[in-house]
Amino acid sequence: MTQTYALLLRGINVSGHRKVPMPELRSVLEGLGHRDVRTYLQSGNAVFTTDSAATQDALTAEIEDAIESRFGFRVDCLVRDADYLAAVAEACPFPAAELEGKQLHAFYLSGPTDPERFAAIDQEAYAPEAFALGDRVLYLYVPEGLGRSRLGDVLTRPSTVKGLVVTARNWNTVVKLVEMTRGD
């Protein structure tokens, strides 16, 4: 059965470091037998279709290995299917349609969003910024943008997200990846 996935790479093409050119990323994915490969922006977003019966975790490991082989460094990745991405967008507890893309972010996580991890964070101390937990996603509302967010820094401290791969996308990218995985 053919399945469409989004690939989310973490921490590439930042300030000239860990360069992964998108044409080369497409080539890596095609070399693994994936089809209809498209990339979005330079920050590590790709969409592909595959007939592979592999799990999302197995696809992730295969892609991480292929990227390391091609570029000489390891890149944390997440692979998520179209249904999951659509469910994340639909479940957003913030009024996404009323906000600018830079004000709302989805932090995709490699594992469950255990509320105990985040229980010690006093949201009121960071108001009007706010966060909410979803299915392997953390929603973050930052009225002044992520670059000025104090709460975003607290949420992604190594002590808080230890053992998880976490990669953030602004809401414009969230919506675009939903569209791309649906074939829009």
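Nothing here was measured: the structure is a model prediction, and the numbers come from that model.

**Details of the overall build of the protein chain**
Here's step 1: Along the protein chain, the regular secondary structure elements total 7 helices and 8 strands.
Here's step 2: Its C-alpha radius of gyration of 16 Å places the protein chain within 12% of the 16 Å reference for a compact globule of 184 residues.
Here's step 3: Counting only C-alpha atoms, the protein chain reaches 50 × 35 × 30 Å along its principal axes.
Here's step 4: Here the protein chain holds 184 residues, and the buried ones make up 48% of them.
Here's step 5: Sequence-distant contacts, at least 24 apart, represent 68% of the contacts inside the protein chain between residues at least 6 apart.
Here's step 6: Here the protein chain has roughly 9200 Å² of accessible surface; of this, 47% comes from carbon and sulfur atoms.
Here's step 7: A gap of 6 Å separates the mean positions of the 19 positive and 25 negative side-chain charges of the protein chain.

**Remarks on the packing of aromatic side chains**
Here's step 1: Applying the stated criterion to the full structure yields 6 aromatic pairs.
Here's step 2: Considering the side-chain rings of Tyr5 and Phe48, the 5.7 Å spacing of their centres and the 35° angle between planes classify their relative orientation as tilted. Taken together, the residues span a long stretch of sequence, with Tyr5 in strand β1 (residues 3-9) and Phe48 in strand β3 (residues 45-50) at a distance of 43 residues. For the pair Tyr5 and Phe48, a shared accessibility class is recorded, and that class is buried.
Here's step 3: Their ring planes at 35° and their centres at 6.2 Å tell us that Phe71 and Phe73 sit as a pair that is tilted.
Here's step 4: The aromatic ring of Tyr84 is capped on one face by Arg80, whose charged end is 5.5 Å from the ring centroid.
Here's step 5: One cation-aromatic arrangement involves Arg136 over Tyr84; the distance from NZ or CZ to the ring centre is 4.4 Å.

**Notes on the sheet that holds strand β4 (residues 77-81)**
Here's step 1: Pairing is antiparallel across the open sheet formed by 4 strands, whose spatial order is β2-β3-β1-β4. The open sheet has two free edges, formed respectively by β2 (35-40) and β4, since each of these has just one partner strand. Each adjacent strand pair in this sheet contributes to an overall mean axis angle of 20°, direction not counted.

**Notes on the pattern of salt bridges**
Here's step 1: Evaluated as defined, the whole model comprises 7 salt bridges.
Here's step 2: With a closest N to O distance of 2.9 Å, Arg74 and Glu68 form a salt bridge.
Here's step 3: For Glu68, a relative accessible area of 34% puts it in the partly exposed group.
Here's step 4: Beyond isolated ion pairs, a larger network of salt bridges with shared partners links Glu64, Asp65, Glu68 and Arg74.

**Regarding the packing of helix α3 (residues 82-90) against helix α7 (residues 171-182)**
Here's step 1: Contact pair α3 / α7: the axes reach a minimum separation of 9 Å and the direction vectors enclose 140°. Of the two elements, α3 crosses α7, and the hand of that crossing is left-handed. In this structure, α3 contributes Ala82, Leu85, Ala86, Val88, Ala89 and Glu90 to the contact, and α7 contributes Trp171, Val174, Leu177, Val178, Thr181 and Arg182.
Here's step 2: Here the contact of α3 with α7 is built from residues that sort into 9 nonpolar, 1 polar and 2 charged.

**Here's the deal with the confidence of the model for the protein chain**
Here's step 1: For the protein chain, the average pLDDT comes to 94, and 99% of its residues sit at 70 or higher.
Here's step 2: Highest mean pLDDT in the protein chain belongs to strand β7 (residues 137-141) (98); lowest belongs to helix α6 (residues 158-161) (92).

**Considering the environment of Gln103**
Here's step 1: Structurally, the position occupied by Gln103 is in the loop between α3 and β5 (104-109).
Here's step 2: Here the alpha-carbon distance between Gln103 and Tyr40, two residues 63 residues apart in the chain, equals 20 Å.
Here's step 3: Aside from chain neighbours lying at most four places away, what touches Gln103 is Leu140, Tyr141, Val142 and Pro143.

**Quick notes on the sheet that holds strand β6 (residues 130-134)**
Here's step 1: Strands sit in the order β6-β7-β5-β8 across an open sheet of 4 strands; the sheet is antiparallel. In this open sheet, the two strands that pair with only one neighbour each are β6 and β8 (166-170). The average angle at which neighbouring strand axes cross in this sheet is 20°, direction not considered.
Here's step 2: In the sheet, β5 pairs with β7 via 5 bridges, with the strands oriented antiparallel. Bridging across to β7, Ala106 finds its partner in Tyr139.

Calculation rules
- Residues numbered from 1 in each chain as written.
- Predicted model: local features only at pLDDT ≥ 70, side-chain atom pairs only at ≥ 80, totals over all residues.
- Heavy atoms only, no water.
- Helix = DSSP H or I, 4+ residues; strand = E, 2+ residues; numbered from the N terminus.
- Rg over C-alpha atoms; globule rule 2.2 N^0.38 Å.
- Buried < 20%, exposed > 50% of the residue type's maximum accessible area, 1.4 Å probe, protein only.
- Contact = heavy atoms within 4.5 Å.
- Areas by Shrake-Rupley, 256 points an atom, 1.4 Å probe, with all protein chains shown as cover.
- Lys, Arg positive; Asp, Glu negative; His and termini not counted.
- Charge placed at Lys NZ, Arg CZ, Asp CG, Glu CD.
- Phe/Tyr/Trp six-rings, centres within 6.5 Å; stacked < 30°, edge-to-face > 60°.
- Lys NZ or Arg CZ within 6 Å of the ring centre and 35° of its normal.
- Pairing = 2+ DSSP bridges.
- Axes fitted to C-alpha atoms, helices over the stretch in contact; angles between N-to-C directions.
- Salt bridge = Lys/Arg side-chain N within 4 Å of Asp/Glu carboxyl O.
- Left-handed = near helix turned anticlockwise from the far one by under 90°.
- Nonpolar A, V, L, I, M, F, W, Y, C, P; charged D, E, K, R; others polar.
- pLDDT = per-residue confidence, 0-100.

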